[in-house]
Amino acid sequence: MRVMGVDPGLTRCGLGAVEGRPGAPLSLVAVGVVRTAAGDELGARLVGIEAGIEQWLDDVRPDAVAVERVFAQHNVRTVMGTAQAAGIAVLCAARRGLPVALHTPSEVKAAITGSGTADKKQIGAMVTRLLRLSEMPRPADAADALALAICHVWRGGAQHRLAEAVARASRKGVRP
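All chains use their own residue numbering, which begins from 1 and follows the written sequence. Totals for whole chains, interfaces and linings use all residues, but because this is a predicted model, local features are given only for residues with pLDDT of at least 70 and pairs of side-chain atoms are given and counted only at 80 or more. Each side-chain value is worked out from all heavy atoms of the structure, with water and hydrogens disregarded.

Novice: Describe the sheet that holds strand β3 (residues 27–35), with residues and values.
Specialist: For two strands to be treated as a pair, DSSP must find at least two bridges joining them. Strands are runs of DSSP state E lasting at least 2 residues, helices are runs of H or I lasting at least 4, and numbering of each runs from the N terminus. Reading across the sheet, the five strands line up as β3-β2-β1-β4-β5 and stay open at both edges, with mixed pairing between neighbours. The open sheet has two free edges, formed respectively by β3 and β5 (100–103), since each of these has just one partner strand. Between one strand axis and the next, the sheet turns through 20° on average, direction left out of account. One ladder, built from eight bridges, connects strand β2 (residues 12–19) with β3; its direction is antiparallel. Of the residues in β3, the one forming a bridge with G16 is V31. Running at roughly 170° to strand β4 (residues 64–68), helix α2 (residues 76–95) makes contact with β1 (2–7), β4 and β5 of the sheet. Convention adopted: a line fitted to C-alpha atoms gives each axis, helices being fitted over their contacting stretch, and angles between N-to-C directions are expressed from 0 to 180 degrees. Residue contacts are counted whenever heavy atoms from the two residues lie within 4.5 Å of one another.

Structural data, given as structure tokens:
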């Protein structure tokens, strides 16, 4: 399964793609960020993020997209920008009929490091180790996007298969 992870943000939107399956080694497909200038008008920034994500979807051709679920922060301005960028990522994937999963930061941290309270350095170190990279992906937004993709390969794939099985059973009149 090839998964593209998106760590949403207006200034830096982290993007990363991995290929693999649960229980098997993972491979790095691509990693990077889409950047927009803080001084640009909001609409122009969102168009820039959309164009960057669309290009990544064309280049990477993922089977699924994993986006960080926006959580409440004290800085409303940061939350709004993050939510807007996340919405663009969901829209781009949905437009192509790709399954989209939202994972919380603590879910990703727990999947990657074993601790839901891991810091950015721990996430980066584990991503580097899991993908057998020579150096940690930079900036941290890029490493976080890879962590989202890894989390989805390990957790989301099984959840998606279970949901599909339940849907098939209910279409046949079988109650789960």
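So much for the structure itself; the text now carries on.
Novice: Summarise the nonpolar core; cite the residues concerned and give the values.
Specialist: If you look at the biggest cluster of nonpolar residues, it comprises 22 residues, and the most contacted ones within it are V6, L15, I49 and I53. Put simply, the parts of the chain that give this core at least two residues each are β1, β2, α1 (42–60), β4 and α2. Here I53 is in contact with M4, C13, L15, V34, I88, A89 and C92, once residues within four sequence places are set aside. Counting 19 residues, the second largest nonpolar core, distinct from the first, contains V18, A64, I150 and V153. Only buried Ala, Val, Leu, Ile, Met, Phe, Trp, Tyr and Cys residues count toward a nonpolar core, and they belong to the same one when joined by side-chain atoms within 4.5 Å. Each residue's exposure class comes from its accessible area (1.4 Å probe, protein chains only) as a fraction of the maximum for that residue type: buried when under 20%, exposed when over 50%, partly exposed otherwise.

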